[in-house]
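Examination of the molecular architecture
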Amino acid sequence: MTGCRVPPVLARWAIILAVLGLWEAGTRLSSVSSLLIVPPSLILWNVARIAVEAGAVPDFYANALVTIGEIAVAYALAALIGALIGIAVAGSRIIGDAFEPILLVLYAIPKIIFYPVIVLMIGTGYPAKVIFGILVAIFVIIFNTTAGLRQVDANYVRLARSLGYGRTKIFFKVELPAAAQTILAGLRLGFGYTIIGVLTGELLVVNAGFGYLIDWASVNYHTAELYALIAITLVLGVLANSLVSRVERLWVK
Amino acid sequence: MMSRSAERQLVRAIRLSAIVLVIALWDVALRWGWIDPLFLASPLDTLIHIRAVVVEAKLDIAATVTAFLVAFVTGVIFALGIGFAISLSNYSRLVFLPVLVLGVTIPKVTLMPLFILWFGIARLPVIVFGALSAFFPMVVNVLIAGNEVKPAQVLLARAMGLSRVQIYRKVVFPAMLPVLSSGLFYACNAAMMGVFIVELALDRHGMGAYVHDLAMTFRTADMYAAVVLTAGMTVLINMALWYIARYFGRWRN
């Protein structure tokens, strides 16, 4: 492509800024109710207000911590359990053949269907959100771990064995590093899914966290605060994802 | 070493006994009073209630399936249109792909209150959210599918005197098909998830609302039956899609 001098990154930002500009102009000039849509400048102002002013929304930092805590616990468990199941499935062909169809069927079912069951069984508190987050995230971690370990060239393992490596040593020194790229991709996707799962759980059974704040703003028609809170969660999602990709790139190279 | 058929039988035996074990545990948990029957229905009760649920929830099942189909088809059509339009130039693909990938990974579910604000509490927000959920994974797959097309093959086809339309039909589209059909799977599951989330939250139409009502009124056996039924329906939809994808794949070869 010789004709395009503008780097794609700049073009991307130009388009994003243009959309925001049109949005700003459109809401300022038209008579659409500010209950429905507010201009980006006002959203930004409210994000700042929420961050600094204590009473802008009820207990912003306490609720943010609840959500972040749920995401952290859910992700840690999903990564650990998912990787272990993935290793088990990849480790033995018989276990793999026996359980993979079951896992695939479970993977195909949208996990949201089970959320009412989870809530009925263990209540409306944070464990329900954590378990739902795990359920949403775990399958992509399992399948990527399995796929990664199966891709490992059998000759590496044979060579390591002929050099006298034991099973554990082969696993940690040969198989795991060789599979790392695919496993880490699964862990990255799983992180995104964990966030989606936990926030979904919070929005459907409202009692604390970002879900509570968003619900508070929406039922009270605090539209500007609602947009600001949504913007905060989306930006946190973007930041978390790019942080994880950065860690991933650090590791793979 | 075991023979292949003996191994296959062992695999089947392990799979079957695992399923039986889970169902037995489920039953025993109730029988021995580990879990209150208010929160868990026995496997047999669940099975028995499926019939009654199908009869009672006819309209809700129809509403959910309709909403899902409309959302899925709308999301996919938009994704195909926009995706192919962006793919016309390699440059625009570089500009838009990262933004659209973010559309998949960010927690869009926090937008739900806004959709309710804009589109009311009837069917529209369900369909819009489902369609949006289907759109992003599909459009990303359309853009990635463009990578599967080998420029040399296009060049060859042009040299053989094929028209633009013919090149598209005979070379470009078949090369993209595998990635497009895997996009359909993601889009299908995302649409189901999206539809069900909004149905649960709005609590007015569809299986989401029906399950929500059953959970709130502690009609436990009916609720488990409804969840199993919904899960079964999603598995059927996935299988149908799988057969369609395979049919087209066979036609391609």
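First things first, this report covers the structure right here in the doc. (Residues numbered from 1 in each chain as written. Chains lettered and ligands numbered in written order. Predicted model: local features only at pLDDT ≥ 70, side-chain atom pairs only at ≥ 80, totals over all residues. Heavy atoms only, no water.)

As a further point, take the nonpolar core. One recurring pattern in soluble globular proteins: nonpolar side chains tend to sit buried together. Ranked by internal contacts, the top residues of the largest apolar core, which has 108 residues, are Ile-50, Phe-60, Ile-112 and Leu-229 of chain A together with Leu-114, Met-207 and Met-223 of chain B. Within the second largest apolar cluster, 31 residues are counted, among which are Ala-79, Ile-86, Val-140 and Ala-157 of chain B. (Core = buried A, V, L, I, M, F, W, Y, C linked by side-chain atoms within 4.5 Å. Buried < 20%, exposed > 50% of the residue type's maximum accessible area, 1.4 Å probe, protein only.)

Summed over all chains, the structure comprises eight salt bridges over all chains. Across the salt bridge formed by Arg-28 of chain A and Glu-24 of chain A, the nearest N and O atoms sit 2.9 Å from each other. Here the residue Arg-28 of chain A and the residue Glu-24 of chain A both occupy positions in helix α1 (residues 8-29), the gap between them amounting to four residues, near one helical turn. Owing to a relative accessible area of 53%, Arg-28 of chain A belongs among the exposed residues under this scheme. Among the salt bridges present, the one from Asp-27 of chain B reaches Arg-31 of chain B, with a minimum N-O distance of 2.7 Å. Of this pair, Asp-27 of chain B and Arg-31 of chain B both sit in helix α1 (residues 4-31), four residues apart, which is roughly one turn of that helix. Residue Asp-27 of chain B is classed as buried on the basis of its relative accessible area of 18%. Overall, Arg-31 of chain B belongs to the exposed group, its relative accessible area being 64%. Beyond isolated ion pairs, a larger network of salt bridges with shared partners links Glu-56, Arg-219 and Asp-222 of chain B. (Salt bridge = Lys/Arg side-chain N within 4 Å of Asp/Glu carboxyl O. Helix = DSSP H or I, 4+ residues; strand = E, 2+ residues; numbered from the N terminus.)

A few words now on the interface of chain B and chain A. At the interface, 53 residues of chain B touch 51 residues of chain A. Contact between chain B and chain A buries roughly 4400 Å² in total, counting both sides, with carbon and sulfur atoms accounting for 81%. Sorting the residues of chain B by area buried against chain A places Tyr-91, Thr-110 and Leu-117 of chain B first, and these three jointly supply 15% of that buried surface. Counting across the chain B and chain A interface gives one salt bridge. For the interface between chain B and chain A, the tally reads 10 residue pairs in polar contact (both at pLDDT 80 or more). If you list the elements that add at least two residues to the side of chain B that touches chain A, you get α1, α4 (90-105), α5 (112-119), α8 (164-202), α9 (206-216) and α10 (220-252) of chain B. Here the side of chain B that touches chain A gets 10 residues from one element, more than from any other, and that element is α4 of chain B. Residue classes in the side of chain B that touches chain A are distributed as 42 nonpolar, eight polar and three charged. (Contact = heavy atoms within 4.5 Å. Buried area = accessible area lost by both parts, 1.4 Å probe. Polar contact = N/O pair within 3.5 Å; in protein donor to acceptor, adjacent residues only side chain to side chain. Nonpolar A, V, L, I, M, F, W, Y, C, P; charged D, E, K, R; others polar.)

Residue and element names in this part refer to chain B. As a packed pair, helix α3 (residues 58-87) and α9 sit with axes 6 Å apart at the nearest point and diverge in direction by 135 degrees. The angle between α3 and α9 places the two elements in the oblique class. Between α3 and α9, the contacting residues are Asp-60, Ile-61, Ala-63 and Thr-64 on the first element and Gly-206, Met-207, Gly-208 and Tyr-210 on the second. Its residues assigned to classes, the contact of α3 with α9 shows four nonpolar, three polar and one charged. (Axes fitted to C-alpha atoms, helices over the stretch in contact; angles between N-to-C directions. Parallel < 35°, antiparallel > 145°, perpendicular 65-115°, else oblique.)

We now examine the environment of Val-227 of chain B. Relative to the assigned elements, Val-227 of chain B resides in helix α10. Overall, the relative accessible area of 4% leaves Val-227 of chain B in the buried class. Taking the C-alpha atoms as reference, Val-227 of chain B lies 21 Å from Ser-133 of chain B; in sequence the two are 94 residues apart. For Val-227 of chain B, the contacting residues outside a window of four places in its chain are Ile-113, Phe-114 and Val-117 of chain A together with Val-211 of chain B.

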